[in-house]
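Structure assessment
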Amino acid sequence: CHPQVGVHGIKGRVSTGNVLGMAEIHDSLIEKARLEAEDMQRLLFMTLNGMAALRVIDGNIVGSIQMYREVLARSEESFNQEGLRMDPLQKLHTLHNLSLLLTKP
């Protein structure tokens, strides 16, 4: 089935009656995949940050520090390999909590 056919087709110039070219369809599909990947990455980082917080509650400070560092490492890896950027608020959260743990007496 053509990607512009049906109610779930690619949005764009189709509504005006113009048909998208293959390059435009390709770009649209790439953008959609990038957004979906960033959403999945956001969920992963939320989960890892939550696990780090649970480790703090359990008194496992070293484990929490390792978890926050893992979030930052995965963020850098996904940016270098796929060009995916970490959500700025999640990055702030991760860096802030890691900083608190590293400077805690």
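Residues numbered from 1 in each chain as written. Predicted model: local features only at pLDDT ≥ 70, side-chain atom pairs only at ≥ 80, totals over all residues. Heavy atoms only, no water.

**Notes on the confidence of the model for the chain**
Note the cut-off: Known as pLDDT, the predictor's per-residue confidence is scaled from 0 to 100. Numbered from the N terminus, helices here are DSSP runs of H or I no shorter than four residues, and strands are runs of E no shorter than two.
Averaged over every residue, the pLDDT of the chain is 87; residues scoring 70 or more account for 83%. Averaged pLDDT values over the elements of the chain bottom out at 93 in helix α1 (residues 22-57) and peak at 97 in helix α3 (residues 88-103).

**Some thoughts on the environment of Arg55**
Note the following rule: Here, residues are in contact when the closest pair of their heavy atoms is within 4.5 Å.
Secondary-structure assignment places Arg55 in helix α1. Expressed as a C-alpha distance, the spacing of Arg55 and Ile65, which sit 10 residues apart in the sequence, is 9.0 Å. Those residues within four positions of Arg55 in sequence are excluded, and the remaining contacts are Asn60, Ile61, Gly63, Ser64 and Met67.

**Brief notes about the pattern of salt bridges**
Defined as follows: Should a side-chain nitrogen of Lys or Arg be within 4 Å of a carboxyl oxygen of Asp or Glu, the pair is scored as a salt bridge.
Counting across every chain of the model gives 5 salt bridges. Between Glu31 and Arg34 there is a salt bridge, and its shortest N-O distance comes to 2.4 Å. Residue Glu31 and its partner Arg34 are located together in helix α1, separated by 3 residues, close to a single helical turn. Linking Arg34 and Glu38 is a salt bridge whose minimum nitrogen-to-oxygen distance equals 2.7 Å. Residue Arg34 and its partner Glu38 are located together in helix α1, separated by 4 residues, close to a single helical turn. Salt bridges linked by common partners bring Glu31, Arg34 and Glu38 together as one network.

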